[in-house]
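Chains, contacts and geometry: an overview
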Amino acid sequence: MGEQEIFWKEIKKIQTSVVDMSLLKYKQYGNNIEMLLNDVTYETIYKIMELFDGFRNESLRYEIVNKVNGISVNKSTGLHDCCEEHLNCSDI
């Protein structure tokens, strides 16, 4: 299995996980679609950042590099740790 195929398999697992979790909790949001969408996108982004940081699968860790200047955005810090301070989410 190629590297890209492995990557997309992990992304598909994240999508399935977030959809399943959201379906279990969606009634708790009532009519607040904005809060639901914030949480769905937050969980998706968080789990992708965990994938990049190597927390979802021990054999996978990715580095995100700005191709223009060569600077890595996750060389020295875990991106998943920064989600809460930058993204909207609820307490549900």
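Described below are features of the structure shown in this document.

1. Topic: the pattern of salt bridges
Two side chains bearing opposite charge may form a pair once their charged atoms approach each other closely. Summed over the entire model, instances satisfying the criterion amount to 2 salt bridges. In this structure, R56 and E50 form a salt bridge, with 4.0 Å as the shortest nitrogen-oxygen distance. Note on R56: relative accessible area 29%, which makes it partly exposed.

2. Observations regarding the packing of aromatic side chains
Applying the stated criterion to the full structure yields 5 aromatic pairs. For the ring pair F7 and Y62, a centre distance of 5.3 Å and an interplane angle of 85° mean the geometry is edge-to-face. Remark: Y62 occurs in the loop between helix 2 (33-53) and helix 3 (83-86) and F7 occurs in helix 1 (residues 3-25); sequence separation between them is 55 residues. Side by side, F7 and Y62 carry an identical accessibility label, which is buried. Judged by centre distance (6.0 Å) and plane angle (20°), the ring pair of Y42 and Y46 falls under stacked. In this pair, Y42 and Y46 are both assigned in helix 2, 4 residues apart and thus about one turn of the helix distant. On the basis of relative accessible area, Y42 is assigned to the buried category, the value being 8%. Residue Y46 is classed as partly exposed on the basis of its relative accessible area, which comes to 23%. Taken together, the ring pairs connect F7, W8, F52 and Y62 into an aromatic cluster.

Cut-offs and rules
Starting afresh in each chain, residues are numbered from 1 along the sequence in its written order. Under the rules for a predicted model, residues below a pLDDT of 70 receive no local features and side-chain atom pairs below 80 are neither given nor counted, while totals for whole chains, interfaces and linings still include all residues. For the side-chain quantities, the full set of heavy atoms in the structure was used; hydrogens and water were omitted. Criterion for a salt bridge: a side-chain nitrogen of Lys or Arg within 4 Å of a carboxyl oxygen of Asp or Glu. Residue exposure (1.4 Å probe, protein chains only): buried if accessible area is under 20% of the type maximum, exposed if over 50%, otherwise partly exposed. Here the aromatic set is Phe, Tyr and Trp, taking the six-membered ring for Trp, and pairing holds for ring centres within 6.5 Å; pairs whose planes are under 30 degrees apart are stacked, those over 60 apart are edge-to-face, and all others are tilted. We count a stretch as a helix when DSSP gives it H or I for four or more residues in a row; a strand needs E for two or more, and each element gets its number in order from the N terminus.

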